[in-house]
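# Notes for the structure review
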Amino acid sequence: MRKIFAANWKLHKNPTETRRFFGEFLPRIEGVLDQVVIFPPATSWEACGATLMNRDIQWGAQNVWSQAQGAYTGESSATVLRELGGRWALVGHSERRHLFGENDAWLADKVAFLQSLDLTPVLCIGETLSQREAGKTDQINRDQLRAGLAKADSKKPLVVAYEPVWAIGTGQVATPEQVATAHAFVHRTLVEMGFAQAPILYGGSVKADNASALIKIPHVDGFLVGGASLEVASFEQICRSNAAG
Ligand code: PGA
């Protein structure tokens, strides 16, 4: 199976910067056989769609609402995403959960709505530091999977991203043992729930210098990368980590 290398740009890169990034990145990424997916901010969707048309690199939304349109001030529509060529969407990134108060019921609806449009949801899960210290890591991951996938279709594409909250944007990457234990647990839980095929990405301070060790861990099917995806050189190296051997 191809690994998935996903770039979460968060609130970075305007349309001009998006085009400039791809001007440099696309020629350098030629020959990479794994799947590369970019998640730009909504204001750069159109630039991303135009630049990546007819390319193997895919892109998606960092967040969409669970309805196509209506009185939902400030939200983005998955049908517009699809119209512009986006094929993926993050659901329940920890910043959405913790800064913007997204709840599990919304996330289940978003996953189902995205799948109904034949878009690929990436359900993000992961424990906070205090939950880990309280020995609740497995329980939190299981609860977030059960809630987020409550309305999901196991026959349609679905990706899960395990991102321990304490490792996101902190430079504090989980140890290979912590990643291995969590991914094995998430995989087992997905098998029990009937989603055995879902790839599991790791996220949280993935960098060019730790990617090639982490990608070898069983059930690490790719990465969701924040900070290190903003620079062409570091993201290119991460996208090559599987081939680096
Ligand atoms: P980071 O972010 O790589 O900067 O830790 C990961 C994420 O938020 O998805």
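Just so it is clear, the structure is predicted and the values come from calculations on it, not from any experiment.

### Some points on the overall build of the protein chain
Tallying secondary structure elements over the protein chain gives 10 helices and 8 strands in all. Against the 2.2 N^0.38 benchmark of 18 Å for 245 residues, the protein chain shows a C-alpha radius of gyration of 17 Å, consistent with a compact globule. Referenced to the eigenvectors of the C-alpha coordinate spread, the extents of the protein chain come out at roughly 45 × 45 × 30 Å. In the protein chain, which comprises 245 residues, the proportion classed as buried is 52%. Within the protein chain, the 25 negative side-chain charges are centred at a point lying 2 Å from the centre of the 24 positive side-chain charges.

### Digging into the pairing of strand 8 (residues 222–225)
Of the two faces of strand 8, both are covered, the one formed by Gly222 and Leu224 as well as the one formed by Phe223 and Val225. Judged from the 4 bridges that link them, strand 1 (residues 4–8) and strand 8 form a sheet pairing that is parallel. Within the sheet, the bridge partner assigned to Ala7 lies in strand 8 and is Val225. Pairing between strand 7 (residues 200–203) and strand 8: 2 bridges, direction parallel. In the strand pairing of strand 8, Tyr202 is matched with Phe223.

### So, the packing of helix 1 (residues 15–29) against helix 2 (residues 45–52)
Direction vectors running N to C along helix 1 and helix 2 enclose 25°, while the axes themselves pass 8 Å from each other. Between helix 1 and helix 2, the angle falls in the class roughly parallel. Relative to helix 2, helix 1 is oriented so that their crossing is right-handed. Touching Pro15, Thr18, Arg19, Phe22 and Leu26 of helix 1 are Ala47, Cys48, Thr51 and Leu52, all from helix 2. Residues of the contact of helix 1 with helix 2, tallied by class, amount to 6 nonpolar, 2 polar and 1 charged.

### Details of the side chain of Asp221
Tracing the backbone shows Asp221 in the loop between helix 9 (211–214) and strand 8. Buried charged residue Asp221 carries no salt bridge. Nearest counter-charge: Lys3, at 4.7 Å. A distance of 2.8 Å separates a polar atom in the side chain of Asp221 from the backbone nitrogen of Ile200. Those residues in contact with Asp221, other than ones at most four positions away along the chain, are Met1, Arg2, Lys3, Ile4, Ala198, Pro199, Ile200 and Leu201.

How each quantity is defined
The residue numbers shown here count from 1 along each chain, following its written sequence. Per-residue local features of the predicted model are confined to residues with pLDDT of at least 70, and side-chain atom pairs are confined, for both listing and counting, to 80 or more; whole-chain, interface and lining totals are unaffected and use all residues. Side-chain numbers come from the whole structure's heavy atoms, not from hydrogens or water. Strands are runs of DSSP state E lasting at least 2 residues, helices are runs of H or I lasting at least 4, and numbering of each runs from the N terminus. For a compact globule the rule gives 2.2 Å times the number of residues to the power 0.38, and the radius of gyration it is set against comes from C-alpha atoms. With a 1.4 Å probe rolled over the protein chains alone, any residue whose accessible area is under 20% of its type maximum counts as buried; one over 50% counts as exposed, and the rest are partly exposed. Charge convention: Lys and Arg are scored as positive, Asp and Glu as negative, and His as well as the terminal groups of each chain are ignored. For the purpose of locating charges, the reference atoms are NZ of Lys, CZ of Arg, CG of Asp and CD of Glu. Any two strands between which DSSP finds at least two bridges are classified as paired. In this analysis, axes come from line fits to C-alpha atoms, helices being fitted only over the stretch in contact, and the angle between any two N-to-C directions falls in the range 0 to 180 degrees. Each angle receives one of four descriptions, namely roughly parallel if under 35 degrees, roughly antiparallel if over 145, roughly perpendicular if within 65 to 115, and oblique otherwise. By definition, turning the near helix anticlockwise from the far helix through less than a right angle yields a left-handed crossing, and turning it clockwise yields a right-handed one. Note on definitions: a residue-residue contact is assigned when non-hydrogen atoms from the two residues lie within 4.5 Å. Here the nonpolar group is Ala, Val, Leu, Ile, Met, Phe, Trp, Tyr, Cys and Pro; Asp, Glu, Lys and Arg are the charged ones; every other residue, Gly included, is treated as polar. Definition used for salt bridges: Asp or Glu carboxyl oxygen within 4 Å of a side-chain nitrogen of Lys or Arg. In protein, a polar contact means a hydrogen-donor-capable atom and an acceptor-capable atom, both N or O and within 3.5 Å, with residues adjacent in sequence counting only if both atoms are side-chain atoms; elsewhere, any N or O pair within 3.5 Å suffices.

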